[in-house]
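The residues making up each chain are set out below.
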Amino acid sequence: MRNPKIGLLPLYVELYDLTTPEVRPDIDAAHAYASECLRRRNMEVVDAPVCRLAREFESAIAQFEAADVDAIVTLHLAYSPSLESEKALAKVKLPLIILDTTPSYTYDQNTDPAQLMLNHGIHGVQDMCNLLIRNGQVFRVCAGHLEHSDVLERVFATAKGAMVARELKRARVGLVGDPFAGMGDFQLPYKELERDLGICMIPYDFKKGAERIAAVTQEEIDEEYAADLKRFEIAPNLMREVYDRTAKTSLAIRKWAKEEKLSAYTINFLETAGPNPGLPVMPFTECCTAMVNGLGYAGEGDVLTAGLVGALLTAFPETTFTEMFCPDWEHGTVFLSHMGEFNYAIADGKPLLQEKPFPYTDAENPTAAYQTMKGGRAVLLNLAPFGEGRYTLTLAPGEMLKIQGENRMADAVNGWFKPDVPLERFLEQYSQNGATHHSALIYGDVLEQLLFLGNILNCKQVVIR
């Protein structure tokens, strides 16, 4: 996880420096104060000098691009004529966040007229935003006083959405095997994913994978076991032979992800087979551990959702890959699960590590660790492809239930999501908009932080609430 990195672009007009230079110290103070406020709200700020003329805007944008910021935050220190910034802002590829604020909280009939020079930036915002729309730029306006409103929270939330989009656009997603045969909703030609979203697919080389597995030492396995003794409850009947063969494959997959600098990966469990030395067992625990460590994951060869989960994890560490399995019509909830993969960071206690029966191929049984997903606010998020550059981002806020008492589903990945709308309406809208059966679940009251994501990705966006 990291904090958003923003470029702060201060806008001003040269005329005032020529005619009223005595105002400039107060303008510079307002600029410095806004920058400090953004830093205090956990944003990394790259400051540019005050920009007045076209060449100064061009220089500032180049500075931000070189610094690899997630978004640009504009700050009108007074009026700034839009044609000075238009050329630079029209071609910028970074998301734009318009911080529409002024130093004074009160501006009424008792205000010193001299304060006008420090508090009239809003019509510069209006001038600039008109040009941004004409030029097809993506932006969001966040208006309010720095001390007496939640505007910094809204800037932070928007910057986090920009950060997720940026991470997705440079995702490197490993694919182990081919996608699950016949499972069509998430599949799209990889060239389209790279063209549209920037996701780069990295295929797994089974021959090299076998070499990595063979190179894993018993000492490495023992070190992993010592760590797992602290992380898990260990089932009394779990044999070291079962543990060791899973750990051997898991450690090799971990090395592969590191060597390839992956941001995420996906595994089709049907690629495991006894005679396949490149993936002799399904490494369920490693798929889960990867998410704990900030690496995205999705099942069955779903490159798109794996990349999405990886991007989300950079901003929201309590994110997991998940599927909706069964509706509970009586209580208005839906049962979330998968074969053996979820982010242990959202477990309601220590997961139980045990041998998992694996009847799907002739591969030997692996280990898996199960625990109920914890309770709390959450957003279910889905990114669905439709081809020809069309995608839909579906977001549904709700509540993960805190499970009390006996849970007969405890020997599986399990959790119950209660959407904020009636279950019937939620399921209707979810499928009416073509959302896929693979999704991400993000814990926290984070809907506002995700609303800018669809705009940046140029997706249709649907919020079920």
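Everything that follows concerns the structure shown earlier in this document.
All values reported here derive from a predicted model rather than from experimental measurement. (Residues numbered from 1 in each chain as written. Predicted model: local features only at pLDDT ≥ 70, side-chain atom pairs only at ≥ 80, totals over all residues. Heavy atoms only, no water.)

1. Remarks on the packing of aromatic side chains
- On inspection of all chains with the given rule, the structure shows 17 aromatic pairs.
- The interplanar angle of 45° and the centroid separation of 4.9 Å between the aromatic rings of Phe335 and Trp416 together place this pair among those described as tilted. Placement of the pair is Phe335 in strand 12 (residues 333-337) and Trp416 in strand 17 (residues 415-419), with a sequence separation of 81 residues. Across the pair, Trp416 and Phe335 agree in class, each one buried.
- Sitting above the plane of the Phe284 ring, Lys356 keeps its charged end 5.9 Å from the centroid. (Phe/Tyr/Trp six-rings, centres within 6.5 Å; stacked < 30°, edge-to-face > 60°. Helix = DSSP H or I, 4+ residues; strand = E, 2+ residues; numbered from the N terminus. Buried < 20%, exposed > 50% of the residue type's maximum accessible area, 1.4 Å probe, protein only. Lys NZ or Arg CZ within 6 Å of the ring centre and 35° of its normal.)

2. Side note on unusual backbone geometry
- Residue Glu300 is not a glycine yet carries a positive backbone phi of 60°.
- Tracing the chain through its elements places Glu300 in the loop between strand 10 (296-299) and helix 12 (303-315).
- Positive phi, normally seen in glycine, also occurs at Glu388, with a value near 55°.

3. A word on helix 10 (residues 240-259)
- With 20 residues, helix 10 should reach 28 Å at 1.5 Å per residue; the first-to-last C-alpha distance of 28 Å fits that figure.
- Where helix 10 ends, the next residue or the one after it, Lys261, has phi of about 55°, a positive value. (Expected span 1.5 Å × (residues − 1).)

4. Concerning the pairing of strand 12
- Strand 12 sits mainly inside the fold: five of its five residues count as buried.
- Covered by surrounding structure in strand 12 are Thr333, Phe335 and Ser337 together with Val334 and Leu336, the residues of both alternating faces.
- Hairpin connection between strand 11 (residues 319-328) and strand 12: a loop of four residues separates the two successive antiparallel strands, and Gly332 in this loop has a positive phi of roughly 70°.
- Of the pairings in the sheet, the one linking strand 12 to strand 17 comprises three bridges and is antiparallel in character. In the sheet register, Phe335 faces strand 17, and the bridge partner there is Trp416. (Pairing = 2+ DSSP bridges.)

5. Notes on the pattern of salt bridges
- Considering all chains together, one arrives at 31 salt bridges under this definition.
- Across the pair Asp70 and Arg2 runs a salt bridge whose closest N-O atoms are separated by 2.8 Å. Placement of the pair is Asp70 in the loop between helix 3 (54-67) and strand 3 (71-76) and Arg2 in the segment before strand 1 (5-11), with a sequence separation of 68 residues.
- A residue is classified by how much of its surface remains accessible, and Asp70, at 1% relative accessible area, is buried.
- When its relative accessible area of 27% is taken as the criterion, Arg2 is described as partly exposed. (Salt bridge = Lys/Arg side-chain N within 4 Å of Asp/Glu carboxyl O.)

Any link to function would need more than the numbers given here.
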